[in-house]
Amino acid sequence: MKTGAAYIRVSTEEQTEFSPDSQLKKIREYAKHNKIALPEEFIFIDEGISGKSAKNRPEFMQMIATSKIKPKPFDLILVWKFSRFARNRQDSIFYKSMLRKDFGIDVVSITEQLSNDPTSILVEALLEAMDEYYSINLAQEVKRGMNEKFSRGGVVSAPPFGYKIGKNCFEVDEENAQVVKMIFNSFINGTSIRKIAININKMGIRSKHGNKFENRTIEYILSNPVYIGKLRRNTNGFDKRDRYRIGKNITLVNGKHTPIIDIQTFETAKQILEDTKKFHTKNARTTYTDFMLRGLIRCSNCGATLTRSAHGKSLQCNKYARGQCSKSHSISIDKINKAVLKKIRADISSGELNIRLKKIKNDIPKDIIKILIQKEYQKLQKVKLAYENGIDSLEEYRVNKNKIIDTIKQLQKEPLNHMADKIHAKCRFKIQFSKILEMFELPNMSENMKNEILRSFIHKIVFHRDSDAIEICYYI
């Protein structure tokens, strides 16, 4: 007797399809008639989800993951129609082929029966093409209808902060509308965006999604023409790169709702925003990622991590930079690095270590040197591939290769001192820390490597700005 799985999908956009219960009932009847076992744990249902992309369907991906178990958990997957499996031909062909060739699992439509002769391949491909056409056509019709409604000033999106949904248009939410007015007035009177966010959060006001206000929340409000009675929309579709909807594809129309802000106030705020952005463009932000304390050092006020500032020479509380923390923790990277290493040495010397006993996800590396050497060998393989694929020249390959080999040689000269089991654990712990800190003096030790080493025995570092004190919680 064969074992089957059932996949059921119902999207919110289609009114003609069977409900999940109806699809499951039909699938159960088919399984019983064809003597196929259908265990409850192999019934996967995605409800209210489009079939355009498999990756956006959690139950579908769970089914695919389950099918990879050995020995195979089921022999076939039953669906009401092939369109339930996928409305994207690329997804359909990819997953059906993988299931059939790699795991010996067939996808069977209980309402679109196919024979075993070669013509069934053409019929199946035709069904997939028709399903994809229907899906694309439906999306285009929905988009066309929304754009038409928008052009007439109709509501086609959720209400922004300061408004609530009305019968035919947005209606003013009087309480939050006062907050919007306060934001505009504060900004044009010289208060920074970050300071406005901090003040609003202190008042206990939250965004329409219940979150604290950030810099970008304030900027979005200040740049949104909805507050002067306009509606805006990208009629070509959503563009995630245009966060504030100010790109060339944005269309503005007159809305039917009541404005909260007068045009002069809005234009003044808009001009200040533009002038501010021009200044930041001139002093363009550089992206900095690797630094020794990345992800480890925390703000004592809110617990958020400290990240690099715009110019990369100092750290600042991530939430303070976004207007969600009220206390600055700015400190130069060089100063905090020296302070942390000094604190570690002092803790080792005194033996007063704040130990976190909770087991971490991965065991602490027994031989950090060995792991670092392995990583260098992986880099060596990558630079070799870059040369072989024509990405790097022979000279570039030679330089990169020599750097990596030099690092490996230096790491091999600094083995960790593994003490005998008879030595007390605490003494061994202190000696290992001391040897680890000696590695930080190596000339080729990158910031990323230092960070990985610290992460292997440090849970977190708390920085107290008022007293410049540092607390370190260790793993053991």
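Residues numbered from 1 in each chain as written. Predicted model: local features only at pLDDT ≥ 70, side-chain atom pairs only at ≥ 80, totals over all residues. Heavy atoms only, no water.

Visitor: I'm lost on the side chain of Arg57 in this one. Help?
Guide: Tracing the backbone through its elements, the reader meets Arg57 in the loop between strand S3 (43-47) and helix H2 (58-67). Within polar-contact distance, the side chain of Arg57 engages the backbone oxygen of Phe85 at 2.8 Å. (Helix = DSSP H or I, 4+ residues; strand = E, 2+ residues; numbered from the N terminus. Polar contact = N/O pair within 3.5 Å; in protein donor to acceptor, adjacent residues only side chain to side chain.)

Visitor: Where do I start with the side chain of Asn224 in this structure?
Guide: Within the secondary structure, Asn224 sits in the loop between helix H8 (215-222) and strand S8 (230-234). Within the structure, the side chain of Asn224 is placed 3.5 Å from the side chain of Arg232, a separation counted as a polar contact. Not counting chain neighbours up to four residues away, the residues in contact with Asn224 comprise Pro160, Arg232 and Phe266. (Contact = heavy atoms within 4.5 Å.)

Visitor: Would you take a moment to explain the sheet that holds strand S11 (residues 306-308) for this structure?
Guide: Paired through their backbone hydrogen bonds, the strands of a sheet run either parallel or antiparallel. What the three strands build is an open sheet, ordered S11-S12-S13; its pairing is antiparallel. Each of the sheet's edge strands pairs with one partner strand only, and the pair in question is S11 and strand S13 (331-332). Here S11 runs beside strand S12 (residues 314-317); their pairing, made up of three bridges, is antiparallel. When the sheet's bridge partners are listed, Thr307 is paired in S12 with Gln316. (Pairing = 2+ DSSP bridges.)

Visitor: Is there a simple way to explain helix H1 (residues 20-33) in this structure?
Guide: In an α-helix, one turn spans 3.6 residues, which is why side chains three or four residues apart end up on the same side. Given a rise of 1.5 Å per residue, 14 residues ought to cover 20 Å, and the 20 Å separating the end C-alpha atoms of H1 matches this to within 8%. Where H1 is concerned, the buried positions are Pro20, Gln23, Leu24, Ile27, Tyr30 and Ala31. An end-on view of H1 places all buried positions within 125 degrees of arc, on one side of the element. Facing away from the buried side of H1 by over 90 degrees, the exposed positions are Asp21, Lys25, Lys32 and His33. As for H1, its buried residues are in contact with strand S1 (2-10), strand S2 (36-37), S3, strand S4 (76-79), helix H3 (82-85) and strand S5 (106-109). (Expected span 1.5 Å × (residues − 1). Buried < 20%, exposed > 50% of the residue type's maximum accessible area, 1.4 Å probe, protein only. Arc of directions from axis to C-beta.)

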